[in-house]
Amino acid sequence: MRNIRYPIIYHPSYDIPLPENHRFPGTKYSALIKELETTGIIENYLKYVPKPATAKYLSIAHDPFYIQAIETGNLSKQEQTRLGLPWSKTLVQRSFLAPNGTLLAAQLALQTGIACHAAGGTHHAHWDFGAGFCVFNDLAYAARALIAMKLAKRILILDCDVHQGDGTASILSNDRDIFTCSIHCAENYPPKKAKSKLDFPILRGSGDEEYLSVLAQCLIEMDRINFAPDLVLYDAAVDVHNNDKLGLLKMTSVGIYQRDKVVLSHFKNQQVPIATTIGGGYGETHEEVAQRHSIIFAAVQSVFQN
Ligand SMILES: [Zn+2]
């Protein structure tokens, strides 16, 4: 049997240096790679390393003044609080790398059918400000860049993070060729939701069964709309997990695996390439979060090996 290896996009500078008790698991990126190595899942993947995005190109999705403020560390106290991450040179470096990681995943997915970014899904970043641990919006950036490069005509962003993809929805609100779809917990952050092209709010405390039934409805609705994307950017976040510190849903790891397999199979069957991002995930330890983020990589292996 031929051993197919799927692209994994990762940069050793992805980790974010943060104080010990910070809510964001800053080292979850390297912990994820370690987890994939320990479990052997990495054997099914070929590593690719992104180059940093230029400020000029990032302006396809962000206000140049905001990009400059990030570059130079010129953020007000209020802006820093809204972002939720302390400014550092390391943060700047990884913030310019990660959007290109998602773009590279998308470009590779167009060639191979599937590619996985071991970061990305920073969907709370808006046109001119960062929020909720998100500096730049990799999903909006990658989608617009692919269309600008004429690599795709229509892109679907399917966001399964427990929090609504408000930044993505608002940046892309007038982009008719990029379809934003968010399945999220109704009662969770952000308090003021944006309007995605399709939103599926889920009630607090919902578990696997309710979630998977909403996902099925969502995919039926997408088929009915017949948007016919050339590519799907899938945010396979794991903060929907019962033990997540910021999520308010009660999904199990088995349920998340199921969710990922449903999404991947759906678009694979329609021969639509998929690029995945890891999105949010918060837990007691970075290892525990990394373990949950490895689920999408196992799901890809399971769905695409046949
Ligand atoms: Zn989230």
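Scroll up for the structure.
Figured I'd write up the structure that's included with this text. (Residues numbered from 1 in each chain as written. Predicted model: local features only at pLDDT ≥ 70, side-chain atom pairs only at ≥ 80, totals over all residues. Heavy atoms only, no water.)

**Observations regarding the coordination of the zinc ion**
So, step 1. The zinc ion binds to the protein through Asp-161 (OD), Asp-161 (OD), His-163 (ND1) and Asp-239 (OD), with metal-donor distances spanning 1.9 to 2.8 Å.
So, step 2. Viewed at the metal, the four donor atoms of the zinc ion are separated by angles of 52 to 152 degrees, and the geometry they form is irregular.
So, step 3. Mapped onto the sequence, the donors of the zinc ion take the spacing D-x1-H-x75-D. Of this pair, Asp-161 sits in the loop between strand S4 (155–159) and helix H7 (166–171) while Asp-239 sits in the loop between strand S7 (231–235) and helix H9 (253–269), and the two are 78 residues apart along the sequence. Of the two residues examined, Asp-161 and Asp-239, each falls in the buried class. (Donors = N, O, S within 2.8 Å, 3.2 Å for Na, K, Ca; no water. Tetrahedral: all angles 85-135°; square planar, octahedral: opposite > 155°, others 65-115°. Helix = DSSP H or I, 4+ residues; strand = E, 2+ residues; numbered from the N terminus. Buried < 20%, exposed > 50% of the residue type's maximum accessible area, 1.4 Å probe, protein only.)

**Observations concerning unusual backbone geometry**
So, step 1. Following Tyr-189, the chain continues into Pro-190 via a peptide bond in cis, with omega recorded as -5 degrees.
So, step 2. Along the chain, the position of Pro-190 falls in the loop between strand S5 (178–185) and strand S6 (198–202).
So, step 3. For Lys-150, which is not a glycine, the phi torsion comes out positive at approximately 60 degrees.
So, step 4. Considering the arrangement of structural elements, one finds Lys-150 in the loop between helix H6 (138–148) and S4.
So, step 5. Despite not being glycine, Ala-228 shows a phi value in the positive range, around 50 degrees.
So, step 6. Secondary-structure assignment places Ala-228 in the loop between helix H8 (208–225) and S7.
So, step 7. On the basis of relative accessible area, Ala-228 is assigned to the partly exposed category, the value being 38%.

**Examining the pattern of salt bridges**
So, step 1. Scanning all chains against the criterion turns up five salt bridges.
So, step 2. With its nearest N and O atoms 3.9 Å apart, the salt bridge here joins Lys-47 to Glu-37. Placement of Lys-47 in strand S2 (residues 45–48) and of Glu-37 in helix H1 (residues 28–39) is noted, with a sequence separation of 10 residues between them.
So, step 3. Accessibility expressed as a relative area gives 46% for Lys-47, which makes it partly exposed.
So, step 4. Taking the shortest distance from any N to any O, the salt bridge between Arg-144 and Asp-175 comes out at 2.8 Å. Here Asp-175 lies in the loop between H7 and S5 and Arg-144 lies in helix H6, a separation of 31 residues in the sequence. (Salt bridge = Lys/Arg side-chain N within 4 Å of Asp/Glu carboxyl O.)

**A closer look at the environment of Ile-41**
So, step 1. Turning to its location among the elements, Ile-41 is positioned in the loop between H1 and S2.
So, step 2. Counting along the chain gives 105 residues from Ile-41 to Leu-146, while the straight-line C-alpha distance between them is 29 Å.
So, step 3. Those residues in contact with Ile-41 that lie beyond four places of it in its chain are Leu-36, Ser-294, Phe-297, Ala-298 and Gln-301. (Contact = heavy atoms within 4.5 Å.)

**Structural notes on a nonpolar patch on the surface**
So, step 1. Among the surface-exposed residues, Tyr-57, Met-149 and Leu-151 lie close enough to one another that they form a single nonpolar patch of about 240 Å² accessible area.
So, step 2. By secondary structure assignment, the location of Leu-151 is in the loop between H6 and S4. (Patch = residues over 30% accessible without salt bridge, like charges linked within 9 Å, V, L, I, M, F, W, Y side chains within 5 Å. Areas by Shrake-Rupley, 256 points an atom, 1.4 Å probe, with all protein chains shown as cover.)

**Focus on H1**
So, step 1. Helix length check: H1 (12 residues) gives 16 Å between terminal C-alpha atoms against 16 Å at 1.5 Å per residue, within 8%.
So, step 2. Those residues of H1 lying buried are Lys-28, Tyr-29, Ala-31, Leu-32, Ile-33, Glu-35 and Leu-36.
So, step 3. Where the residues of H1 are buried, they touch strand S1 (6–9), S2, helix H5 (89–112), helix H10 (286–293) and helix H11 (295–304).
So, step 4. Just beyond H1, the residue with positive phi is Gly-40, at close to 85 degrees. (Expected span 1.5 Å × (residues − 1).)

**What about the packing of aromatic side chains?**
So, step 1. Summed over all chains, the structure comprises 12 aromatic pairs.
So, step 2. Seen from their ring centres, Tyr-6 and Tyr-45 are 5.7 Å apart, and the 65 degrees between their planes marks the pair as edge-to-face. With Tyr-6 in strand S1 and Tyr-45 in strand S2, this residue pair connects regions lying 39 residues apart in the sequence. Residues Tyr-6 and Tyr-45 agree in their burial class; the two are buried.
So, step 3. Between Tyr-6 and Phe-304, the aromatic rings sit 6.4 Å apart at their centres with planes inclined by 65 degrees, giving edge-to-face as the arrangement. With Tyr-6 in strand S1 and Phe-304 in helix H11, the pair connects residues that are 298 residues apart, well separated along the chain. Considered together, Tyr-6 and Phe-304 belong to a single accessibility category, that of buried residues.
So, step 4. Among the aromatic residues, ring-to-ring pairing joins Tyr-6, Tyr-45, Phe-297 and Phe-304 into one connected group.
So, step 5. Taking the ring centre of Phe-129 as reference, the NZ or CZ of Arg-82 above it sits at 3.9 Å.
So, step 6. Its end group placed over the ring of Phe-304, Lys-268 keeps NZ or CZ at 5.7 Å from the ring centre. (Phe/Tyr/Trp six-rings, centres within 6.5 Å; stacked < 30°, edge-to-face > 60°. Lys NZ or Arg CZ within 6 Å of the ring centre and 35° of its normal.)

That is the geometry; function is a separate question.
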